[in-house]
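Commentary on secondary and tertiary structure
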Amino acid sequence: MKNIFLISKENFNLSFLTASLPHTRWIHHKHCEEGIASISLFGKQLNGIFITEDISFLTPLQIHRLIKNQFPSLPVIIIQSCIDINYCIKGNYPHSCLASYHDFLSIQNSLSVTVQKPSI
């Protein structure tokens, strides 16, 4: 099970992501400061983070830096809207998504469905 964290003020129904990616657990925080505190506690159990703009008095880049200082290998992607999550997963990186190329590849690999062959 992959744990993906989302910090966004948007009311967003994540059911379509859960349905298309049944191997994921989506954790949505509407309050940025509580979300950052949760990441500090549970960051090692997370596989990726999406952050929307205008969620705090901190800029998304400041939030990104806070997370990356504590968990450098954790993929953090800044998006304009929750709709952009689907683009990032599919490997379509529109101008509305901001992250390092390594983070984009990490989140895409983490969320891709791998088919395992049954052992005989």
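The structure this text deals with has already been given above.
Residues numbered from 1 in each chain as written. Predicted model: local features only at pLDDT ≥ 70, side-chain atom pairs only at ≥ 80, totals over all residues. Heavy atoms only, no water.

**Let's talk about the pattern of salt bridges**
Tallying each qualifying case throughout the model produces one salt bridge. Note that K68 is salt-bridged to D103, the shortest N-O span being 3.0 Å. On the criterion of sequence distance, the pair formed by K68 in helix α3 (residues 60–70) and D103 in helix α5 (residues 101–111) is long-range, its members being 35 residues apart. One exposure class covers both K68 and D103, and it is buried. (Salt bridge = Lys/Arg side-chain N within 4 Å of Asp/Glu carboxyl O. Helix = DSSP H or I, 4+ residues; strand = E, 2+ residues; numbered from the N terminus. Buried < 20%, exposed > 50% of the residue type's maximum accessible area, 1.4 Å probe, protein only.)

**Regarding the side chain of S8**
Tracing the backbone shows S8 in the loop between β1 (2–7) and α1 (15–20). A polar contact is formed between the side chain of S8 and the backbone nitrogen of E10, at a distance of 3.1 Å. Setting aside residues no more than four positions away along its own chain, S8 makes contact with H28, H29, K30, T52, I55 and C82. (Polar contact = N/O pair within 3.5 Å; in protein donor to acceptor, adjacent residues only side chain to side chain. Contact = heavy atoms within 4.5 Å.)

**As for the sheet that holds β1**
Taken together, the five strands give an open sheet; going across it, the order is β2-β1-β3-β4-β5, and neighbouring strands pair in mixed fashion. Each of the sheet's edge strands pairs with one partner strand only, and the pair in question is β2 (24–29) and β5 (97–98). Across the face of the sheet, helix α2 (residues 32–42) comes into contact with β1, β2 and β3 (48–52) while running at roughly 155° to β1. Contacts between α3 and the sheet are confined to β3, β4 (76–79) and β5, with β4 contributing the most and set at about 170° to the helix. (Pairing = 2+ DSSP bridges. Axes fitted to C-alpha atoms, helices over the stretch in contact; angles between N-to-C directions.)

**Quick look at the nonpolar core**
Counting 18 residues, the largest nonpolar core has W26, F50, I77 and I85 as its most contacted members. At the level of secondary structure, the elements contributing two or more residues to this core comprise β1, β4, α4 (84–90) and α5. The residues touching F50, leaving out its near neighbours within four places in the chain, are I4, F5, L6, I7, W26, I77, I79, I85, C88 and I107. Counting residues in hydrophobic clusters, the runner-up holds 14 residues, among them C32, I39, I51 and V76. (Core = buried A, V, L, I, M, F, W, Y, C linked by side-chain atoms within 4.5 Å.)

**Points about the pairing of β4**
Alternating residues of β4 divide into V76 and I78 and I77 and I79, and every residue in both groups is buried. Of the pairings in the sheet, the one linking β3 to β4 comprises four bridges and is parallel in character. Across the sheet, the residue bridging to I51 is I78, located in β4. Where the polypeptide runs from β3 across α3 and back to β4, its parallel neighbour, the crossover connection is right-handed. Pairing of β4 with β5, which is carried by two bridges, proceeds in the antiparallel orientation. If you follow I79 over to β5, its bridge partner there is C97. (Right-handed = clockwise from strand over helix to strand, strands pointing away.)

In short, shape yes, function no, at least from these values alone.
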